[in-house]
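Structural overview for review
The residues making up each chain are set out below.
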Amino acid sequence: MKAKTIFIIVITALLTLFLVINNDAVEFDFFFGAPVPVSKLLVIGICILIGFILGFLVGRPRKTVSTYDTEIEKGYAATENKSSLSDEDRDYIS
């Protein structure tokens, strides 16, 4: 297995163990209203889930189209290839 896979498995196991150990109720204060008793398991789990989603959205690669062939970008390559073909080659391709 790769080191990255082992790292992900270890972190997942540690997070699961951490969540199982911290399952008692805590007072959770919202912006308005009275404090509500909520399980630490639920609060930490939701924070981990939100962090994973945000990390995935920020870390995903952008969709870019690039080419290293400058002739294709200029549009010359298509006309050169057509003009260098023989009539027999053009018939075969068609």
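Throughout what follows, the structure given in this document is the object of discussion. All values reported here derive from a predicted model rather than from experimental measurement.

1. Examining the overall build of the protein chain
When its secondary structure is counted, the protein chain shows five helices and two strands. Listed N to C, the secondary structure of the protein chain is α-β-β-α-α-α-α in terms of helices and strands. Counting over 94 residues, the protein chain shows a buried share of 4%. With an accessible surface of roughly 8800 Å², the protein chain has 67% of that area assigned to carbon and sulfur atoms.

2. Side note on the packing of helix α1 (residues 3-21) against helix α2 (residues 40-59)
For the pair α1 and α2, the least separation of the axes is 8 Å and the interaxial angle reads 155 degrees. Compared by their axis directions, α1 and α2 come out roughly antiparallel. In this structure, α1 meets α2 at a crossing whose hand is right-handed. In this structure, α1 uses Leu15, Phe18, Leu19 and Val20 to contact α2, whose residues at the interface are Leu41, Ile44, Gly45 and Ile48. Taken together, the residues of the contact of α1 with α2 break down into seven nonpolar, one polar and no charged.

3. Comments concerning α2
Between its terminal C-alpha atoms α2 stretches 28 Å, which fits the 28 Å expected from 20 residues at 1.5 Å a residue. The residue sitting at the N-terminus of α2 and contributing the capping side-chain oxygen is Ser39; that oxygen lies 3.2 Å from the backbone nitrogen of Leu41.

4. What about the pattern of salt bridges?
Tallied over the entire structure, the rule returns two salt bridges. For Asp24, the salt bridge is made with Lys40, and the minimal N-O distance between the two is 3.7 Å. Here the residue Asp24 occupies a position in the loop between α1 and β1 (25-28), and Lys40 occupies one in helix α2, the gap between them amounting to 16 residues. Among the salt bridges present, the one from Arg90 reaches Asp87, with a minimum N-O distance of 3.3 Å. One end of the pair, Arg90, and the other, Asp87, are both in helix α5 (residues 87-93), three residues apart, so they sit about a helical turn from each other. Taking the relative accessible area as the measure of exposure, Arg90 reaches 33% and is therefore partly exposed.

Definitions and limits used
Residues numbered from 1 in each chain as written. Predicted model: local features only at pLDDT ≥ 70, side-chain atom pairs only at ≥ 80, totals over all residues. Heavy atoms only, no water. Helix = DSSP H or I, 4+ residues; strand = E, 2+ residues; numbered from the N terminus. Buried < 20%, exposed > 50% of the residue type's maximum accessible area, 1.4 Å probe, protein only. Areas by Shrake-Rupley, 256 points an atom, 1.4 Å probe, with all protein chains shown as cover. Axes fitted to C-alpha atoms, helices over the stretch in contact; angles between N-to-C directions. Parallel < 35°, antiparallel > 145°, perpendicular 65-115°, else oblique. Left-handed = near helix turned anticlockwise from the far one by under 90°. Contact = heavy atoms within 4.5 Å. Nonpolar A, V, L, I, M, F, W, Y, C, P; charged D, E, K, R; others polar. Expected span 1.5 Å × (residues − 1). Polar contact = N/O pair within 3.5 Å; in protein donor to acceptor, adjacent residues only side chain to side chain. Salt bridge = Lys/Arg side-chain N within 4 Å of Asp/Glu carboxyl O.

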